[in-house]
Amino acid sequence: MPSPSNFPLILFLLFNLFIHHQSLAATKKRCHVDDEKGLLAFKSGIKSDQSGLLNSWKRGTDCCKWYGITCNPKSSNRVTVIDLYGWPSDGTNILAGPISPSLSKLHSLESLKFAHLGNLTGPFPDFLLAMPNITTIVISDSKLSGPIPRNIVNLVKLERLELEGNRFTGTIPSLGKSTSLIHLNLGNNRLSGGIPISFRRLRKLIWLELSWNQLTGSIPDIFSGLTSVEILYLQHNKFSGNIPKSLSYLKPINIDLSHNALTGQIPDISSNRFNAINDLNLSWNHLSGVIPENFAKFTQITVLDFSHNELNGSLPEMRLERSMYALDLSYNNYHFGEIPEWIGNTSVMILGLVKCGIKMRLNDWKPTVLYGNVYLSENQLTGNPLQFLISQNTTLMGFSAFANKLRFDMKHLKLGKKMVNLDLSNNLVYGNVPKTVARLQELNVSHNHLCGELPATKFPATAFLGNDCLCGAPLPPCKS
């Protein structure tokens, strides 16, 4: 019999043994039976799982260890996250079938991600509307259809809603009560109507994407209340009217309003916040007037695309602190005369100055920087591009100057190692076609004054038509 003096030690050891036993019991605890039933019912409704995405989902095993499933041990090991990701572009990880309402058994679900699964069908899963703790709904790049439910606004904890790449129709729900929203992406659907005014209450919103729909009306002037927005994608809709001046309240990274029917002048949206913008795309609209002089303060911008509008006048002189990816001013009402000096001092991967009223000898353009692709077509350029091409031979991948008045002997053409695309059609180029063009991916020298036998290439006859006396495949054979 232990002495009384040992009782405290024995009690301490027994207590620790009890705690250890309870801990082991907790670690062995499996997922909730309702969660297992709900997930297996969802799997049974899937008609095709060619890549075996759900192979680990087997009855009698711990569903907390199934692929794409996360449980919370602090809530009796209930399932809190479903995260399934596919690659429809290469045909892998594709699920086909409906989203079973049996998933409503997952009472602790906080995040549902069915991203890029390709062939999920049916309407928006209404059972999600009865899950007050849901913070994330991602069902992208599938084939869900019908309207987005109005009462989705009641999910007040919702932070992320991504339904892009489906077939949803109807108007966009108000969402004004969903003030926790940070990321909203309804792009690439078939939604109509306008942007709800109630969006101005989404003050935490960082990402707003409604692109590639059939939205109409004006873009509401609500951005003074959306100062957290960094990404704004409204391209490829049918928006009309003016660009809202309240955009100046944003501190954006990317804004894309292209491929709409916006009119009027570009407002002066420069501000201390807005001037840090990286990408601004206003192309393919009906914007007129001049680019505001204050846009010269966009010293961090890497993409500036104002092509296919009705802009005119002079350009603000940009003084950029880094290289640009794209600068495109093509197809406006510009009459530059010469290429602006600041463009010749700005390194750009893609430079578009098509139909900009440029009247100069190309020999006289001596940029101090390197470019990746240069588009100078449909201007009134004269002279020859040989010196320019030589100066850019370490970086230039594409050069397009069709419909100008360039005149030079093509046999002197020297192509850089990276050059893959060359379009000199509809000029005054003469001489023979050199063998070096064979390594290009695309070539068009049609409608010039070229002559002689063509070298062996893979290009179609259309690349050489309309010259003085070219012959040989793919054109008719040369006369002996």
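Residues numbered from 1 in each chain as written. Predicted model: local features only at pLDDT ≥ 70, side-chain atom pairs only at ≥ 80, totals over all residues. Heavy atoms only, no water.

Explain the overall build of the chain to me, please; I cannot follow it from the model alone.
Counting secondary structure elements, the chain contains four helices and 31 strands. Taken over the C-alpha atoms alone, the chain extends approximately 115 × 55 × 55 Å along its principal axes. Scored against the burial criterion, the 480 residues of the chain give a buried share of 50%. A sequence separation of at least 24 residues applies to 42% of the contacts in the chain between residues at least 6 apart. As presented, the chain carries roughly 22600 Å² of accessible surface, and 53% of it is formed by carbon and sulfur atoms. Here the chain contributes 45 positive and 34 negative side-chain charges, whose respective centroids are spaced 6 Å apart. (Helix = DSSP H or I, 4+ residues; strand = E, 2+ residues; numbered from the N terminus. Buried < 20%, exposed > 50% of the residue type's maximum accessible area, 1.4 Å probe, protein only. Contact = heavy atoms within 4.5 Å. Areas by Shrake-Rupley, 256 points an atom, 1.4 Å probe, with all protein chains shown as cover. Lys, Arg positive; Asp, Glu negative; His and termini not counted. Charge placed at Lys NZ, Arg CZ, Asp CG, Glu CD.)

What is the right way to read the side chain of Ser270 from this model?
Within the element layout of this structure, Ser270 appears in the loop between strand 18 (261-265) and strand 19 (279-281). Polar side-chain contacts of Ser270 include one of 2.7 Å to the side chain of Asp268. With sequence-adjacent residues up to four places away left out, Ser270 is seen in contact with Asn275, Asn294, Phe295 and Phe298. (Polar contact = N/O pair within 3.5 Å; in protein donor to acceptor, adjacent residues only side chain to side chain.)

For this particular structure, what's the right way to read unusual backbone geometry?
Glycine aside, residues mostly have negative phi angles, and peptide bonds mostly take the trans form. A cis amide bond, omega 10°, links Ala473 with the succeeding residue Pro474. The residue Pro474 is located in the segment after strand 31 (469-471) in this model. Phi at Ser76 is positive, roughly 60°, even though this residue is not glycine. Tracing the backbone shows Ser76 in the loop between strand 2 (69-72) and strand 3 (78-85). Phi is positive for His259, close to 55°, though the residue is something other than glycine. Tracing the sequence through the fold places His259 in the loop between strand 17 (254-256) and strand 18. Judged by its relative accessible area of 28%, His259 falls in the partly exposed class.

Explain the packing of aromatic side chains to me, please; I cannot follow it from the model alone.
Within a pair of aromatic rings, the relevant descriptors are the distance that separates the centres and the angle that separates the planes. Inspection of the entire model under this criterion finds twelve aromatic pairs. Both rings, one in Phe42 and one in Phe114, keep their centres 5.4 Å apart while their planes meet at 10°; by these two values the pair is stacked. Taken together, the residues Phe42 in helix 2 (residues 33-45) and Phe114 in strand 5 (residues 111-115) connect sequence positions 72 residues apart. Taken as a pair, Phe42 and Phe114 share a single burial class, namely buried. One aromatic cluster in this structure is built from Phe42, Trp57, Trp66 and Phe114. (Phe/Tyr/Trp six-rings, centres within 6.5 Å; stacked < 30°, edge-to-face > 60°.)

Where do I start with the sheet that holds strand 16 (residues 238-241) in this structure?
Strands belonging to one sheet form pairs held by backbone hydrogen bonds; the direction of such a pair is parallel or antiparallel. The five strands lie next to each other as 14-16-18-20-22, forming an open sheet whose pairing is parallel. Taken across any chain shown, the strands that pair with only one partner, and hence form the sheet edges, are strand 14 (216-218) and strand 22 (310-311). With two bridges joining them, strand 20 (residues 286-289) and strand 22 adopt parallel strand pairing. Opposite Ser288, over in strand 22, you have Glu310 as the bridge partner. (Pairing = 2+ DSSP bridges.)

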